[in-house]
Each structure stands twice: as C-alpha cells, then as structure tokens.
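A look at the structure
Listed below, chain by chain, are the residues.
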Amino acid sequence: MRLRDDWDFRGLVHQVTDETVLERLSVGGVTAYIGFDPTAASLHLGSLLQLCNLRRLQMAGNRPIALAGGGTGMIGDPSFKAVERPLLTLEQIEANVEGIREQLTRFLDFTPAAGPSQALLLNNASWLTTISLTDFLRDVGKHFTVNQMVAKDSVKSRLDRDDVGLSFTEFSYMLLQAYDFLRLNLDHECTLQLGGSDQWGNITMGTELIRKSAGRSAAGLTSPLLLRADGTKFGKSESGANIWLDAALTSPFEMHQYFLNTEDAMTPMLLRFFTFFDHDTILDLDEATKAAPQERRAQRALANAVVTLVHGEDAASKAERAGEALFQPSIAELDETTLLTIVADAPSSTFGREEFAAGIDGVDLVVRCTLAKSKAEARRFLEQGGVYVNNIRLEPDARVGLESTLHGRYVVVRRGRRDLHLVVVQ
RNA sequence: GGGUCGGUGCCCGAGCGGCCAAUGGGAUCUGGCUGUAAACCAGACGGCUUUGCCUACGGGGGUUCAAAUCCCUCCCGGCCCA
C-alpha cells in the first residue's frame, strides 16, 4: 500500500504546500518533522494524530524527527489561542521534555536498527537559547514583514479583539518556529514539516524562510483538526480533563473507556486516524456499526487498538475485561483475583475494620473515596441516585457496613456511569 | 507617563445601594430513554454542624442600618495619545 493512497483513504491530509509531497513520502527517504509543545510532562490525545502520522511516515521508509519545543515552549504558541498564556519556567520545560521523550519511544523506532529511517528526537532549546538577538533579527526577522505576520489567520482574531491583546513575545513565536524548520533543513536535510491545520501559518513561514535565506525548497503538510460531531474539541474526558498518554495520569482503563464510548458518527474517522488496520478491516467495521450499532464492534476494535499502541497488549486486554465485568451486577460473584484485576486501575482507599463495622454514612463514604469534592456534592449525588455500592444503587440515608464487603474486605463504590473507587477494609 | 474603558462564580456575560450565593447562555455532573453511544427530556451546579450560618463579585481601606453595586487607593488588562 502506497503511503499516498493510504493517507487519502484515511483523510489525513488537509493542506499541502505542493502536490509532490505525498508522492515523495510514498517513495521514502524523506526527513520530516513535527513539533511537540512541552507544556506538560505527558502528551495527551491531542497529540495522538501527529504521533501516528510520524509512525506512518517511518513505516513507509522515511525518517521522522520529533522536535521537542524546549525553546519555543518558553514563548508559547499563540495560534488560535484566545488569550495570552502564562510562561513556563525553564526547569518545568526541561522536566516536561524528559517525560515526553519516554512516550515517543512507543510510537517511533529510535534504534539504529531502523537504518536510514531511524527516528530522531531533538530539542529546539539547543539552538533557540543560544542564538543572539541581533543575529536572529538580521537572519530571520529580515525575511518577513510585519504586514504579512499581522495578516495570519492564527493571530488575526487576537488582534481584532478589544478585550485582550497579543504580546510581542507571543507574536514572535511564528518566527521561532520558522527558524526551527530552517535549522532542521540545514542540519538534518529535513524537507517537510507536518502539523495540525492550526499550524499552517507557522509551517509556511518556515518553508518561506528556507527558500529566502537558504535558497532551498521545503514543504508542509497539515492534517485536519479533530472535531467531535458537535463541533467541540476532541480528546477531553467528560469532565473536560485531558486524556493523557501517561498511565499514571490517565489509566489504561479510562482511556479504553473513552474510546469505547465514542459516538457512532465519530468512529469511522477515529479508526482511520488512530489505528493501523488495513482498509478492508476498517470498511468492515464501518459496516458493522451500521448493521448492528448496539454491538459497537468498531468502538471495541478502536479502543483495543489505541490502548495497545499506547500501553501495550496486556493493559488493553485488562482494560477490556474490566469494562465487561464492571457493568454487570454480577460483580459480587467474581472471585477475588478477578475482582482485583478489574479494579486494579481504580483509585483505592483503606478503612479501618472497626469503623467500618459500625457502618459508614453514605456521604462520608463518597467524600473519603474522593468521588465528591465536598459533602454538599456527595449529598447531591446520593439524592440524585448517582452512587452505587457493588453496582447496586445506594439510598441517600443508607449506611454501608461489613455486610457490603466482597470477600470480607472489598467494596466497589461507583459514582455515576464510570467513576470507580475501591474500598479496602483492614 | 497621560486619557479612557474594563476586571463578577469553570468559561462567556447580566446586575450597578437592600428583594443577590448573584438573571441568562455554554461547559460540567446526576438521572431517564438507549447501545457503558449520539440526540432528546428532567434535575443539579460555593461551602458547612443546612428552615440557619459562613465565604465569595481583582487586592486593601472607607461611607452606610445595609455594598458586587457609592468613595479612596493599589494591582492587572484593552484601546487611544505621548
């Protein structure tokens, strides 16, 4: 399968600077890069598409470069951002880059075994923090006019607003990213930059700089922005939190559940973006959703594929089994080992046997399990019928005691559809 | 530095002396229907020792029986001028 046909099928291409890009990628031997912002110590689902794209590139015989934005992270990309962002400290950024490095290795082959398509991880701090201001203004700034910079869609909305402004610092960001591309082009023969469609403006600044200052040609390719059917941004949990790739921040179980709950309309797109299934498999799954949506075969395949990719096969099958058992009332009939496997990812807390024997008030139980932020909230959940003990709804004024324990010491407390907590009585 | 407009709960935004824990929208949460979806419907949405009390409308101070609302001052932001 040629990369070009594959990417067309999957709808991975939004814009390209020229039509030869996909052709060259299909042949192989191209060095291409994507930048990752070290705004946190872990990447989240927002970066998943770009990670997959780099992986696809490499599989087709090209060399991927993951560029950690240790230098640009100090400035902050204003593209399509509504407000100025707080600056991160150098120490924060360095720590974040370290965390991200680890995650990239799951997607890309950084070993010499990959030969000419061996992946590289670079940090733009190495050149951005050492170039002098005057050099930068002469060598980079001179090639652009403020007129064109102001006209960029990515900053236009900020300039048009009358309640917030755009600092010079953030405004300069696009020049830094352009310079990154130039450096990679000169030092690593990198001729292509990929990104989300919001990066188009920054990418073309780079290709322009390379043409003007080095007289070389370079290209850009953007992927569509991931939107949910209702137009909102993809990749946040129900509570608005990010779904992280770090298992310590988002358990494999949560991630699995997230994809399992994908609405039908989104599933075909996510299968194309985030899995490496062949086209027939994908078309079959599309068909399965139409024929028997309640079975959610496509969602299951998607969830398993993504969790396997990010956390490995073991974690994926564990997450799947946990989900199956969790929503059955038969939880009380599970043997101890199975039960513990299922709730392994859930947060847990320990209660003393004596206090538990006396019976715990429902409100206290929910608060101590951190399933509610306050007693008022806990009361609300109870009154609304949103608290379950061992999958059985807990009445508002009920107490929970030893008779509720499974195997003499476990109680599975659930808040709402899918917020779990394991109580261990000691 | 000068002028001017503004800073309200997660976000947007109304209120402009008491009827304000603060209209409305969004987000979120819980429930219902379903398929552990989507859409839709209903309810909730600062805290507590919960018919009451406490904390909150950028910070501090003041006027008043009473302030998110008036005054002073400081901080922060937008725009214009220098």
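Because the structure is predicted, anything quoted here is derived from the model rather than measured.

**Considering the pairing of strand 7 (residues 348–351)**
- Residue alternation in strand 7 divides its side chains into a buried set, S349 and F351, and an unburied set, S348 and T350.
- Here strand 7 pairs with strand 13 (residues 419–425) via 4 bridges, running parallel. Paired with T350 across the two strands is V424, which belongs to strand 13.

**Quick notes on the state of the cysteines**
- As enumerated under the stated definition, the model contains 0 disulfides in all.
- With no disulfide partner, C52 has as its closest neighbouring cysteine sulfur the one in C190, 19 Å distant.

**Examining the domain arrangement of chain A**
- Split by domain assignment, chain A resolves into domain 1 (3–223), domain 2 (252–326) and domain 3 (344–425).
- Relative placement of domain 1 and domain 3: their C-alpha centres are 47 Å apart.

**Re the side chain of N202**
- Mapped onto the fold, N202 is located in helix 11 (residues 200–214).
- Given the relative accessible area of 3%, N202 is considered buried.
- Apart from residues no more than four positions distant in its own chain, N202 is found in contact with D77, S79, Y173, M174 and Q177.

**Overview of the environment of H143**
- Its location among the elements puts H143 in the loop between helix 6 (133–139) and helix 7 (146–151).
- Residues H143 and S79 lie 64 residues apart in sequence; the distance between their C-alpha atoms is 20 Å.
- If we skip the residues at most four places from it in the chain, H143 touches Q148, L209, K212 and S213.
- For H143, the side chain forms a polar contact with the main-chain oxygen of D139, separated by 3.3 Å.

**Structural notes on the sheet that holds strand 4 (residues 120–123)**
- Across the sheet, 6 strands lie side by side as 1-6-5-2-3-4; this open sheet has mixed pairing. Bordering the open sheet on either side are strand 1 (15–16) and strand 4, each of which pairs with just one other strand.
- Note: strand 2 (residues 31–36) against strand 5 (residues 192–196), 2 bridges, orientation parallel. Looking at the pairing, Y33 lines up with Q193 of strand 5.
- Across the sheet, helix 4 (residues 90–104) touches strand 2, strand 3 (63–68) and strand 4, and the angle it forms with strand 4 is around 165°.
- Against the sheet, helix 11 engages strand 1, strand 5 and strand 6 (219–223), with an angle of about 170° to strand 6.

**A closer look at unusual backbone geometry**
- Residue R296 is not a glycine yet carries a positive backbone phi of 50°.
- Positionally, R296 belongs in the loop between helix 14 (279–291) and helix 15 (297–311).
- The exposure class assigned to R296 is partly exposed, which follows from its relative accessible area of 28%.
- Positive phi values are uncommon outside glycine, yet N391 reaches one of about 70°.
- Following the sequence through the fold, N391 ends up in the loop between strand 9 (387–389) and strand 10 (392–393).

Parameters at a glance
- Residues numbered from 1 in each chain as written.
- Chains lettered and ligands numbered in written order.
- Predicted model: local features only at pLDDT ≥ 70, side-chain atom pairs only at ≥ 80, totals over all residues.
- Heavy atoms only, no water.
- Buried < 20%, exposed > 50% of the residue type's maximum accessible area, 1.4 Å probe, protein only.
- Helix = DSSP H or I, 4+ residues; strand = E, 2+ residues; numbered from the N terminus.
- Pairing = 2+ DSSP bridges.
- Disulfide = S-S within 2.5 Å.
- Domains from an automatic or database assignment.
- Contact = heavy atoms within 4.5 Å.
- Polar contact = N/O pair within 3.5 Å; in protein donor to acceptor, adjacent residues only side chain to side chain.
- Axes fitted to C-alpha atoms, helices over the stretch in contact; angles between N-to-C directions.

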